[in-house]
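A closer look at the structure
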Amino acid sequence: MDNESQTNTVRLDLSSQNQQKVLRSFKHQIDTLSQFILRLSKFYDGVNPLLDKELQVLRGHLGGKVNFTLAEVSIGKLTGLLMDNADHSRQQNAKFQALLEDAIQQLRETPDVPQALKEDSQQFLQTIRQSYASIYTGQAYLEKVLSLYQRALAEIPATQGNKITKPSTDQDEQRLHQQLVCELRELVLQLSGASKDEELQEIRQRLDHGLQRNELLECCLVIVRCLLKDVLKDRKQAERFITSLHSTLNNVSQAVGRSLKDSQAAYQVKVQSNQQLRQHLQGIELAVGEAHDLSLLKQQACDYLSKIASTLDHRERADKEEQLVLMNLLRDMKDQLTLLEKEASEYKQKLLQQKYHSHHDPLTQIPNRYAYNDRVELEYRRWRRYGTDLSLALVDVDHFKGINDKYGHAGGDKTLQVIAQQIAKCLRSTDFLARWGGEEFVILFPQTPIAELDSVLEKIRQQIEKIPFKFKEQAVSITVSLGAAGFSREDDVDTVFERADRALYEAKHQGRNRCIISKG
């Protein structure tokens, strides 16, 4: 009897230890899962105010003391919100809006476009700039842009179509034609950098050889269609990811629900088991109190101990089954979350790549005009707030058209790449260099007074002049002209840019290969 009692006591101790071990393992795995969901939820911060609010509620339920009942309710709400908010990322919307503005601006600056159409284009451009073009509003904007271009095709007489690359008697008109071609070429280069669309490649070749005005407008329509196709493709990818995220969260929600039900059932089994043990122990106590015959008492004690052992065995099997179910559940949840984490990482990487391409010039690999617009607004706000110095400079390659004509566009592209590298070497880490378009670059000099610009710009001019540049074994002489201006009281970005542009024009007028700084 003593040996059997000791054995049963040992079984009780082992069962209690196993139960504590399972509970600790369950708590650790649930904490790990909760922390992963917390980190994963931050990926969607800023997508939608309602989604942000509900994600914050979910983080509250899963942070600290986990409340699965409320978390399950929150996950259900999030599932509905995710289904209702399968939209583009903010980066794609910004890129989409910038490209729309560019297309309208190019139409507005095209010669021979009727004045009424230019006014409509300007009004529509202001509408876009005052709003935020998302995927849903963007389709209407694209239809409006297409209608403006169709009006231009219909209203410009075909007899006025001259080759854009041919010399014009009007210097200003010729310069505008060349600028429009350069802008379109840069836009096509940016689009074709991420896509091998044959239409885009054909448009680039046609731009290199010259187009009639009507042909140019047709090319603009093709570019707009390519933009729309690119946007719709990105939208589908985003929707697929959102659907995958919704499916995984739904599976996690169901798994948590099943886990709660299984835990409740296991708890009831343990309660019943404990009641049976108490009854058996009470039976032993009663038998000892009423015993008059030692042999009868031994028999009764053996019976009760046998029942206790049976109850312990049943409880041990139940614990093992519960642990096995829990491990399988956690393993399944881990596999689903690992897959979701991989998809989220790939999608995030794609968004980062798209943001880089949308803000960098594909030829020179330096920031482009869109990146400049973001940075100049940031520096302007800092200048207004802190009152520190801020200067701006424009760099234009001298006789760049002659380089293109003599060495082809491959030679011109190589020239721009070399110049961008040399300018970057002359700047500080706090300065900002971007390609404005064509053969023109723009530089921001934070915390730099106008009096200190002359030495910096002269260093850039001399470094470029000294470049031992060769193309196909032929020496190529490269010089640049520079115009600069500083921010002063009551200035905005446009007025400073205009002063720098006038200074650049003066540098060209004085013979090129020089720096002019506006003192106004």
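As the structure is a computational prediction, the values presented were derived from the model and not from experiment.

There is a patch of like negative charges on the surface, built from Asp374, Glu377, Asp492, Asp494, Glu498 and Asp501. Breaking the negative patch down by element, the ones donating at least two residues are α11 (369–386) and α14 (493–509). Structurally, Asp374 is set in helix α11.

With that settled, the discussion passes to the pattern of salt bridges. Inspection of every chain in the model, using the stated rule, returns 11 salt bridges. Asp405 is the salt-bridge partner of Lys401, the closest N and O atoms lying 3.0 Å from each other. You can see Lys401 and its partner Asp405 sitting in helix α12 (residues 400–425), four residues apart, about one turn around the helix. Residue class for Lys401 comes out partly exposed when judged on its relative accessible area of 42%.

For the rest of this paragraph, the subject is the pairing of strand β2 (residues 432–437). Burial runs high along β2: five of the six residues are buried. Two strands pair when backbone bridges link them, and β2 and strand β3 (residues 440–446) are joined in this way by five bridges, in the antiparallel orientation. Looking at β3, one finds that Leu433 is bridged to Ile443.

Interhelical geometry of α12 versus helix α13 (residues 453–465) gives an angle of 140° and a closest axis separation of 9 Å. As far as their axial angle goes, α13 and α12 are oblique. Crossing hand, α12 versus α13: right-handed. Contacts from Ile419, Gln422 and Ile423 of α12 reach α13 at Ile460, Gln463 and Ile464.

Once that is clear, we can look at the pairing of strand β6 (residues 480–486). Of all seven residues in β6, seven are buried, a share of seventy percent or more. Every second residue of β6 is oriented toward a common face, with Val480, Leu482, Ala484 and Gly486 on one face and Ser481, Gly483 and Ala485 on the other, all of them buried. Where strand β1 (residues 390–397) and β6 come together, seven bridges link them in antiparallel fashion. Bridging across to β6, Leu394 finds its partner in Gly483. Examined bridge by bridge, β6 and strand β7 (residues 515–517) share three bridges and lie parallel to one another. Paired with Gly483 across the strands is Ile516, a residue of β7. Traced from β6 through α14 to β7, the parallel crossover comes out left-handed.

A separate point is the sheet that holds β2. Across the sheet, which stays open at both edges, the five strands sit in the order β2-β3-β1-β6-β7 with mixed pairing between neighbours. Every interior strand has two partners, whereas the edge strands, β2 and β7, have only one. Here the strands of the sheet are splayed against their neighbours by 20° on average, with no regard to which way each runs. Contacts between α12 and the sheet are confined to β1, β2, β3 and β6, with β3 contributing the most and set at about 15° to the helix.

This brings us to the packing of aromatic side chains. Using the criterion set out here, one finds five aromatic pairs in the structure. Aromatic pair Tyr380 and Trp383: ring centres 5.6 Å apart, planes at 35°, arrangement tilted. Within this pair, Tyr380 and its partner Trp383 are both found in helix α11, separated by three residues, close to a single helical turn. Trp383 carries the same exposure label as Tyr380, and that label is buried. Arranged with centres 6.2 Å apart and planes meeting at 50°, the rings of Tyr380 and Phe487 form a pair that is tilted. Within this pair, whereas Tyr380 is found in helix α11, its partner Phe487 is found in the loop between β6 and α14, the two being separated by 107 residues in sequence. With a relative accessible area of 16%, Tyr380 lands in the buried category. For Phe487, a relative accessible area of 10% gives the class buried. Taken together, the ring pairs in this structure connect Tyr372, Trp436 and Phe497 into an aromatic cluster. The ring of Trp436 carries the charged tip of Arg369 above its face, separated from the ring centre by 4.2 Å.

The next subject is unusual backbone geometry. What is expected of a backbone is that most residues other than glycine have negative phi and most peptide bonds are trans. Positive phi outside glycine occurs at Gln447, with the angle close to 55°. Looking at the secondary structure, you find Gln447 in the loop between β3 and α13. Positive phi, close to 55°, is recorded for Asn513, a residue that is not glycine. Considering the arrangement of structural elements, one finds Asn513 in the loop between α14 and β7.

Calculation rules
Throughout this document, residue positions are counted from 1 along each chain, in the order its sequence is written. Whole-chain, interface and lining totals are the exception, using all residues; otherwise, since this is a predicted model, local features are given only for residues with pLDDT of at least 70 and side-chain atom pairs are given and counted only at 80 or more. Remark: hydrogens and water are excluded; side-chain values derive from all non-hydrogen atoms of the structure. Residues enter patches when they are more than 30% accessible in relative terms and free of salt bridges; like-charged ones are connected within 9 Å and nonpolar ones (Val, Leu, Ile, Met, Phe, Trp, Tyr) within 5 Å. To be clear on the numbers: accessible area is Shrake-Rupley with a 1.4 Å probe, and residue cover counts the displayed protein chains and nothing else. One speaks of a salt bridge when a side-chain nitrogen belonging to Lys or Arg is within 4 Å of a carboxyl oxygen belonging to Asp or Glu. For the purpose of charge, His is not counted, nor are the chain termini; Lys and Arg are scored as positive and Asp and Glu as negative. For the purpose of locating charges, the reference atoms are NZ of Lys, CZ of Arg, CG of Asp and CD of Glu. A run of DSSP states H or I qualifies as a helix once it reaches four residues; a run of E qualifies as a strand once it reaches two. Both are numbered from the N-terminal end. Relative accessibility decides the category of a residue: with a 1.4 Å probe and only protein chains considered, values under 20% of the type maximum give buried, values over 50% give exposed, and everything between is partly exposed. When DSSP finds at least two bridges between two strands, those strands are taken to pair. Interaxial angle, 0 to 180 degrees, is taken between N-to-C directions of lines fitted to C-alpha atoms, where a helix line uses only the stretch in contact. By definition in this entry, angles of less than 35 degrees are roughly parallel, angles greater than 145 are roughly antiparallel, angles of 65 to 115 are roughly perpendicular, and the rest are oblique. A clockwise turn of the near helix away from the far one marks a right-handed crossing, whereas an anticlockwise turn of less than a right angle marks a left-handed crossing. Residue contacts are defined here by distance: any two heavy atoms, one from each residue, within 4.5 Å place the two residues in contact. Place the viewer so that the strands point away; then a crossover is right-handed whenever the path from the first strand over the helix to the second strand goes clockwise. In this analysis, rings of Phe, Tyr and Trp, with Trp reduced to its six-membered ring, are considered paired at centre separations within 6.5 Å, and the interplanar angle assigns stacked below 30 degrees, edge-to-face beyond 60, and tilted for intermediate values. Counting as a charge over the ring demands two things of the Lys NZ or Arg CZ atom: a distance within 6 Å of the ring centre and an angle within 35 degrees of the ring normal.

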